Amino acid sequence: MSDARLTHLKQLEAESIRIIREVAAEFENPVMLYSIGKDSAVLLHLTLKAFHPGRVPFPLLHVDTTWKFQDMYRFRDSLPDRLGVDLRIWRNEEGVAAGVNPFTYGSKKHTDIMKTQGLLQALNHYRFDAAFGGARRDEEKSRAKERVYSFRDANHRWDPKNQRPELWQLYNGNINRGESIRVFPMSNWTELDVWQYILLEDIPLVPLYFAAERPVVERDGTLIMVDDDRMPLNEGEVPMMKSVRFRTLGCYPLSGAIESDADTLPKIIQEMLLAKDSERQGRLIDHDSAASMEQKKREGYF
Amino acid sequence: MSHQSDLIAEDIDAYLAEHERKEILRFLTCGSVDDGKSTLIGRLLHDSRMIYEDQLAAIKQESAKSGTQGDDVDLALLVDGLQAEREQGITIDVAYRYFSTTKRKFIIADCPGHEQYTRNMVTGASTCDAAIILIDARQGVLTQTRRHTFIASLLGIRHLIVAVNKMDLVDWSEARFEEIRAEYLEFANQLAIEDLRFIPISALKGDNVVEPSTQMPWFGGSTLMYLLETLHVGGDRAQTGFRFPVQWVNRPDSSFRGFSGTIASGVVQPGDDVMVLPSRATSRVERIVTYDGDLERGHAPLAVTLTLEDEVDVSRGDMLVHREHPPELRDRFDATVVWMTDEALVPEREYIFKHTTKQVTGCVSVIRHRVDVNTLEEQVTPSLALNEIARCEIRLNQQIAIDRYDHNRETGAFIVVDRITNLTVGAGMVCDTGAGRADAWDAEPTDTLTAETRAVSSEELATRLGQRAITVLFTGLTASGKTSIAKAVERRLFDAGKLATVVDGQQLRVGISRDLGFSASERSENLRRGVEVARVVNQSGVIALCAFVAPHELPRRRAREVVGDERFLEVFVDAPVDVCRARDARGLYAAADRGEIADFPGVSSAFEPPTAPDLHLDTTATGVDAGADLVIELLRSKGVLT
Ligand SMILES: Nc1nc2c(ncn2[C@@H]2O[C@H](COP(=O)(O)OP(=O)(O)O)[C@@H](O)[C@H]2O)c(=O)[nH]1
């Protein structure tokens, strides 16, 4: 018996590393789904720790909807040199050819074609049998019951009736050919844990999380950043410079900015803790079909 | 999410520093439908200010609309009832909820479902340190209460908090609370529960949850939240030494070869002698590598990478352990199995067993008995159905390194996986490693061998030496005086012109049993070798005086069989543990107290006193010399000395 105790972050870190190693050891062809956001940044950091001093033994996959912020692309493209990871980028070329975009197709269709379909194409193409994601159980009420290993049939469908109980930290990774799992090593982290860990470990983030003067327009009460010249401005709309930041990052036309002066991690955490609304403000995709996370999951989106 | 701390607004850096130091407590809430589980969780979230104002406004509105709780806000609404999912037939074992206070981060495992309750609760409990058992004050202890308590104790939950809820509906009655407590204790006393507390609460009104009750001044204990914030949660609770299941061999290039994994128990330091199981290859720890630099000392549950000084063969599924206190290497052992799927467990059918980082095939060879989760009654059964629990014998196609679950939650647990559907169909906890049973005692020598090699008969030897060659086993606790008495007997016999020799358990370990540790099965094997040596000694006409702790009855009986009943005498060298402790010059008891020696008879494992020894020496009354005299007397009376 030892009396040494770990802080909650050390415990969470150890638990996540254990899951990451277990999947790497038990699956033939894992991949890490990399979204460029803060949760992905933490997941990647944990993965580097898991395999140190070796390299990450599986590739990272970014499903590119082509509508991310320019800052995100810059950040993403610096990874291979900075961390020596194998980064693969997948675009739904049919969608690109058809000119799918959030403006004329609407956010739901755009997301479905460019993100969900794109992801499925990539998974089939590379025959990945395990895909790491950074999702957490505290993200919303319905995720509370999610398992760490989430099973998908050969069509990537989630079968709610066939999920396995998870006891101790003994994960059952047995699957048949063609089947796969999604793995969530950060299931037990909360949003505050993620931020605090980023602060403690000094994990680099896309600058968009920090407040800065940025050109925005206001649409339906949401501030949208004019990130490139593909953004069609409505009649009389003039971009204005405001000190804004983003709570979550996605496609720029679908990401609402919040007005803020928080330009350091402690200030961001403070703002988050003092916020009085639970609305996951800023993520337009959630508003579209508030109802069914389950539905999205069955379709193959997380 | 805002929780109560003025520091957030005033000094965020100080707040973050405080938050950083928090520990995690994982607990389980158990209750039957309508005991108030959701209300209690909602109350904990609400009173620790984990609720956004807009959420609170929404549920206030909803409560007013439904009007079920009068003016009280129905906090159960905060917790998703998972009703929709249940209706769609989605299997939910456990829903996890997170909250934190200024002292701790909490993870609540909330198990819905009623028919499936055993399976769900076992799943939820497997990761928890504490459990809250909810009792409706009006109903008192119900069948379910017993079931919840039994499962919590089975899964090794150390802290049980019995929350007697809805005290507002029984007029905050102390008598009622005491009545329930007495009723509960009556059956809970049959179970091994380390820490048991009782609190009268009202989840609905908030009494004794986060805020002390003004209605129950008679209750002198602390609030539920205070308990949750202060229960002891050590990082490592195992009663075994260092265990490191290898998860991943890290070999980025030819210059580095490390073994990655999570320390399951114990402490490891560079320079430690380690053994690889199952190969028993030995080496020494060179470095404890992490991304944040090498560690001087690694402990559970850290995820690290170890490098060794020698090029020994180690792969995933192996276990690194200290050489002194290894786990048992077994392919047959007893476990408590919980069955988790509709299709019944069938003995002798092949399943996959996942234990630590290893998967092996095997079967449940025997269902010894089923345990009724409500009454604890043991029943005979040919198969095991969903939600049933039984003690079984497991037989695997390969050996695995196990400890008893109550000694080590990591190396004592396994899951059972169906080979065809790949579903997790069962969970198991090792309850008896099988130490002291079977092993080499039972092994059959190759039948081409013959053991008749004597040219001189034992009668001739007995006539020449004037004695009958017999074996005396001195059994007793460490430091009880076995070896001293055996040596005194040897001297007396020699002085009387007879021949005897001491076969000492410790002495064997220096040579013939150099490969053995101190687990129960290794002690048993050491004894087996000892009596085989005694047999050879006897064959040469000499009396063998065997001094062994030999803590278990079964191996002692086997020893008698090996030597032959007519040539075997058992002397129980008896002294109470505290006397042995006082006599112990080598500090072994102190080391066992510190948890450094697992399964130490008298401290962390049982010493089964011989039921019918040929001589019982109470060494608190007799000294070494008097003891030796009594042994000589015994030998004379048995006609050994002629
Ligand atoms: N009077 C009273 N009612 C309570 C208390 N705790 C829970 N209840 C009520 O008991 C009912 C069942 O509670 P709920 O939390 O949904 O139970 P669950 O099924 O265990 O989650 C609800 O109507 C609650 O408002 C309490 O302490 N006092």
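Residues numbered from 1 in each chain as written. Chains lettered and ligands numbered in written order. Predicted model: local features only at pLDDT ≥ 70, side-chain atom pairs only at ≥ 80, totals over all residues. Heavy atoms only, no water.

**So, the pairing of strand β21 (residues 413-417) of chain B**
Residue and element names in this part refer to chain B.
Right, so step 1: Most of β21 sits inside the fold, with 5 of its 5 residues counted as buried.
Right, so step 2: Covered by surrounding structure in β21 are A413, I415 and V417 together with F414 and V416, the residues of both alternating faces.
Right, so step 3: As paired strands, strand β17 (residues 350-355) and β21 are joined by 4 bridges and run antiparallel to one another. Residue pairing across strands places K354 opposite I415, the latter belonging to β21.
Right, so step 4: Pairing analysis gives 5 bridges linking β21 to strand β22 (residues 424-432), with the strands arranged antiparallel. Following the sheet pairing, I415 is matched in β22 by A427. (Buried < 20%, exposed > 50% of the residue type's maximum accessible area, 1.4 Å probe, protein only. Helix = DSSP H or I, 4+ residues; strand = E, 2+ residues; numbered from the N terminus. Pairing = 2+ DSSP bridges.)

**Some words on the packing of helix α13 (residues 520-539) of chain B against helix α14 (residues 553-563) of chain B**
Any two packed helices are characterised by how steeply their axes cross, that is the angle between the axes, and by the distance between the axes.
All names here are of chain B.
Right, so step 1: Relative orientation of the contacting elements α13 and α14 amounts to 20°, with a least axis distance of 9 Å. Taken together, the axes of α13 and α14 are roughly parallel relative to one another. α13 and α14 meet at a crossing whose hand is right-handed. For the pair formed by α13 and α14, the contact residues are S524, L527, V531, E532, R535 and N538 on the first element and P555, R556, A559, V562 and V563 on the second.
Right, so step 2: In the contact of α13 with α14, the residues fall into 6 nonpolar, 2 polar and 3 charged. (Axes fitted to C-alpha atoms, helices over the stretch in contact; angles between N-to-C directions. Parallel < 35°, antiparallel > 145°, perpendicular 65-115°, else oblique. Left-handed = near helix turned anticlockwise from the far one by under 90°. Contact = heavy atoms within 4.5 Å. Nonpolar A, V, L, I, M, F, W, Y, C, P; charged D, E, K, R; others polar.)

**Brief notes about the nonpolar core**
Soluble globular proteins tend to bury their nonpolar side chains together.
Right, so step 1: Residues A:Y149, A:W168, B:F27, B:L28 and B:Y184 are the most contacted members of the largest nonpolar core, which totals 157 residues.
Right, so step 2: The contacts of B:Y184, once residues within four sequence positions are left out, are B:I133, B:I135, B:V141, B:T145, B:T149, B:L160, B:V162, B:L196 and B:F198.
Right, so step 3: By size, the runner-up hydrophobic cluster in this structure holds 24 residues, among which are B:I470, B:A486, B:A500 and B:I632. (Core = buried A, V, L, I, M, F, W, Y, C linked by side-chain atoms within 4.5 Å.)

**Concerning the interface of chain A and chain B**
Right, so step 1: Between chain A and chain B, the residue contacts involve 75 residues of the former and 95 residues of the latter.
Right, so step 2: Counting each side, the surface lost to burial between chain A and chain B is near 7200 Å², with a carbon and sulfur contribution of 55%.
Right, so step 3: Note that A:R18 is salt-bridged to B:E410, the shortest N-O span being 3.0 Å.
Right, so step 4: Between chain A and chain B we count 31 residue pairs in polar contact (both at pLDDT 80 or more) in total.
Right, so step 5: Among the elements of the structure, α1 (8-26), α2 (38-51), α7 (191-201), α8 (265-274) and α10 (293-299) of chain A are those that each provide at least two residues to the side of chain A that touches chain B.
Right, so step 6: The leading source of residues in the side of chain A that touches chain B is α1(A), at 13 residues.
Right, so step 7: Its residues assigned to classes, the side of chain A that touches chain B shows 31 nonpolar, 19 polar and 25 charged. (Buried area = accessible area lost by both parts, 1.4 Å probe. Salt bridge = Lys/Arg side-chain N within 4 Å of Asp/Glu carboxyl O. Polar contact = N/O pair within 3.5 Å; in protein donor to acceptor, adjacent residues only side chain to side chain.)

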